Amino acid sequence: MTAGEHNHTRRQHGFTLIELVVTISIIAILAAVALPRYITLQTQARSAKAQALYGGVRSAAALAKAMAIATNTTASGAATIQMESANVTLINGYPTADLAGIATALQISNTTDAVNITSGGAGAGATLSIDVNGGTAPSCRVTYQAPAAGNGSPVVNVDTTGC
């Protein structure tokens, strides 16, 4: 075999420049399509989390009220009940707007649930805010306001405009 014949039968390994450019272009187009969908998905997830927290806060308040009625705990003023072996402080028959009240009844924490809890105090009419991490505070928030009077109910609101 001569030197010219040997070079002619040798195979090349690897990709051509054109193949690499086409592959990279296809990956770039896929990334350009997927990125906006991913961002929208994150927004939807934060909004769903705020809605779930809203439902959880309402349920925790109702369960605490039911436990207070079942245990014949005073309907007005301050009191304490046990829920899931945890002490929950009450004001006017519903959980207080602090970590010892509604946050304990809801079993939520800043560290494990990716939220930021801000309490306005434990008194009647006080407000607790739960901001979903990643959202724009105060527009991705659930608020709980303890009842101001003995025959009142708590006020629970959700805002998902900034999630």
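All figures in this text were calculated on a predicted structure; none of them were measured in a lab.

The next thing to look at is the overall build of the protein chain. A count of helical and extended segments in the protein chain gives 3 helices and 7 strands. For the protein chain, the sequential pattern of α-helices and β-strands runs α-α-β-β-β-α-β-β-β-β. The C-alpha atoms of the protein chain give 29 Å as radius of gyration, which overshoots the globular expectation for 163 residues (15 Å, by more than 25%). In terms of overall dimensions, the protein chain has a C-alpha envelope of 105 × 30 × 20 Å along the principal axes.

Moving on to the pairing of strand β1 (residues 78-83). On a regular strand, each side chain points to the face opposite its neighbour's, so the side chains alternate between the two faces of the sheet. Alternating positions in β1 separate cleanly, Ala79, Ile81 and Met83 being buried on one face and Ala78, Thr80 and Gln82 remaining unburied on the opposite face. In sequence, β1 turns back onto strand β2 (residues 86-91) through a hairpin of 2 residues, with Glu84 there showing a positive phi of about 55°.

With that out of the way, let us pick up the nonpolar core. General note: in soluble globular proteins, nonpolar side chains tend to be found buried as a group. Counting residues in hydrophobic clusters, the biggest one holds 32 residues, and the most contacted among them are Leu53, Val57, Ile108, Ile130 and Tyr144. Mapped by element, the contributors of at least two residues to this core are α2 (17-70), β1, β2, α3 (102-106), β4 (115-119), β5 (127-132) and β6 (141-145). Other than its neighbours up to four places away in sequence, Ile108 contacts Leu53, Ala103, Asp113, Val115, Ile117 and Ile130.

Before going further, it helps to spend a moment on the environment of Gly14. Note on placement: Gly14 falls in the loop between α1 (3-9) and α2. A relative accessible area of 68% places Gly14 in the exposed class. Taking the C-alpha atoms as reference points, Gly14 and Ser59, separated by 45 residues in sequence, lie 62 Å from one another.

Attention now moves to the environment of Leu63. As for its position among the elements, Leu63 is in helix α2. Classification of Leu63 by relative accessible area gives exposed; the value is 54%. For the pair Leu63 and Leu106, spaced 43 residues apart in sequence, the C-alpha separation works out to 9.8 Å.

The next subject is the sheet that holds β5. Here we have 4 strands laid out as an open sheet, ordered β4-β5-β6-β7, and antiparallel in their pairing. Of all the strands in the sheet, just β4 and β7 (155-159) have a single pairing partner and so form its edges. Adjacent strand axes in the sheet meet at a mean angle of 15° when their direction is disregarded. By the bridge criterion, 5 bridges tie β4 to β5 in an arrangement that is antiparallel. Pairing of Ser119 across the sheet is with Leu128, part of β5.

This part takes up the state of the cysteines. Across all of its chains, the model carries 1 disulfide by this definition. The disulfide partner of Cys140 is Cys163, and the S-S distance across this bridge is 2.1 Å. Since a negative S-S torsion denotes a left-handed disulfide, the Cys140-Cys163 link at about 95° is right-handed. Placement of the pair is Cys140 in the loop between β5 and β6 and Cys163 in the segment after β7, with a sequence separation of 23 residues.

Strand order in the open sheet formed by 3 strands is β1-β2-β3, with antiparallel pairing between adjacent strands. A strand with exactly one partner marks an edge of an open sheet, and here the two such strands are β1 and β3 (94-95). Note: β1 against β2, 6 bridges, orientation antiparallel. Looking across to β2, one finds that Thr80 is bridged to Thr89. Packing of α2 onto the sheet brings it into contact with β1, β2 and β3, and relative to β1 it is tilted by some 105°.

Parameters at a glance
- Residues numbered from 1 in each chain as written.
- Predicted model: local features only at pLDDT ≥ 70, side-chain atom pairs only at ≥ 80, totals over all residues.
- Heavy atoms only, no water.
- Helix = DSSP H or I, 4+ residues; strand = E, 2+ residues; numbered from the N terminus.
- Rg over C-alpha atoms; globule rule 2.2 N^0.38 Å.
- Buried < 20%, exposed > 50% of the residue type's maximum accessible area, 1.4 Å probe, protein only.
- Pairing = 2+ DSSP bridges.
- Core = buried A, V, L, I, M, F, W, Y, C linked by side-chain atoms within 4.5 Å.
- Contact = heavy atoms within 4.5 Å.
- Axes fitted to C-alpha atoms, helices over the stretch in contact; angles between N-to-C directions.
- Disulfide = S-S within 2.5 Å.

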